[in-house]
Amino acid sequence: FMKKNKFLFLCLLLIAPGVTGCSSEENDNEITGNNEEESKVTVKLCDVSWKLYGFGIDSENIRKAEPSACSTCYLVKFEPDGTFSGQTTSNDFIGIYTTKNKSFKIVEYGTTKVGEVGDGYKFVEAFCSSFQYEITDKGELKLYYTQNDFLLFNPQ
């Protein structure tokens, strides 16, 4: 039964019509800034894998995600074709997302079903509820899941 559902979901990923992710025409999903050497830095949503640092309500108040020492937890990679994949604290996940200007939407989300630890459940709920994104001048990714609350990711 699980194999059939996984197969159907993967088929959906391949045939999803009109799904847009990172495209070469869309410049809203990149930021240009300066690093310490004063050279130009441009990061796009699809250029890198992202690792969750923590949960924020503003740049001063960010709570580090637990478990914080887990190198394989809270990773996500967005592909230009509108698909994504990643890891929570205990599970692999895949899905479909869309972006337009700064809006962001998880269209489909599928995961294995092992119990989460630490902030795993909070991460999944926040990630799936995200509706807006921003790439900061430091090259960090913010996914907003409420008007003020965001997930803060660092590029890998």
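Above this note sits the structure.
Every value quoted in this text rests on a predicted model; they were computed, and no experiment measured them.

A. Examining the environment of T88 more closely. Relative to the elements of secondary structure, T88 occurs in the loop between β6 (83–87) and β7 (92–100). Measuring from C-alpha to C-alpha, the distance between T88 and V124 comes to 7.5 Å, with 36 residues separating the pair along the chain. When sequence neighbours within four positions are dropped, the list of residues in contact with T88 reads T72, C73, Y74, F93, Y109, E116, F123 and V124. A polar atom in the side chain of T88 sits 2.6 Å from the side chain of E116.

B. Seen up close, the side chain of T83. Tracing the backbone through its elements, the reader meets T83 in strand β6. Of note is the side chain of T83, whose polar atom sits 2.6 Å from the side chain of D81.

C. Geometry of the pairing of β6. Pairing of strand β5 (residues 75–78) with β6, which is carried by four bridges, proceeds in the antiparallel orientation. Looking at β6, one finds that V76 is bridged to G86. What sits between the antiparallel neighbours β5 and β6 is a turn of four residues, in which G82 has the positive phi angle 95°. Strand direction decides the pairing type here: β6 and β7, joined by five bridges, are antiparallel. Within β7, the residue paired with G86 across the bridge is F93. Hairpin connection of β6 to β7: four residues between the antiparallel strands.

D. How the structure looks around the pattern of salt bridges. Across all of its chains, the model carries one salt bridge by this definition. As a salt-bridge pair, R63 and D119 come within 2.9 Å of each other at their nearest N and O atoms. Taken as a pair, R63 in strand β4 (residues 61–64) and D119 in the loop between β8 (103–111) and α2 (120–129) lie far apart in primary sequence, 56 residues in all.

E. Structural view of the pairing of strand β11 (residues 150–155). Pairing analysis gives six bridges linking strand β3 (residues 49–58) to β11, with the strands arranged antiparallel. Bridged to F55 within β11 is L151. Pairing geometry for strand β10 (residues 141–144) and β11, over four bridges, is antiparallel. In the strand pairing of β11, K142 is matched with L152. The antiparallel hairpin formed by β10 and β11 contains five residues in its connecting segment.

So, how was this worked out
- Residues numbered from 1 in each chain as written.
- Predicted model: local features only at pLDDT ≥ 70, side-chain atom pairs only at ≥ 80, totals over all residues.
- Heavy atoms only, no water.
- Helix = DSSP H or I, 4+ residues; strand = E, 2+ residues; numbered from the N terminus.
- Contact = heavy atoms within 4.5 Å.
- Polar contact = N/O pair within 3.5 Å; in protein donor to acceptor, adjacent residues only side chain to side chain.
- Pairing = 2+ DSSP bridges.
- Salt bridge = Lys/Arg side-chain N within 4 Å of Asp/Glu carboxyl O.

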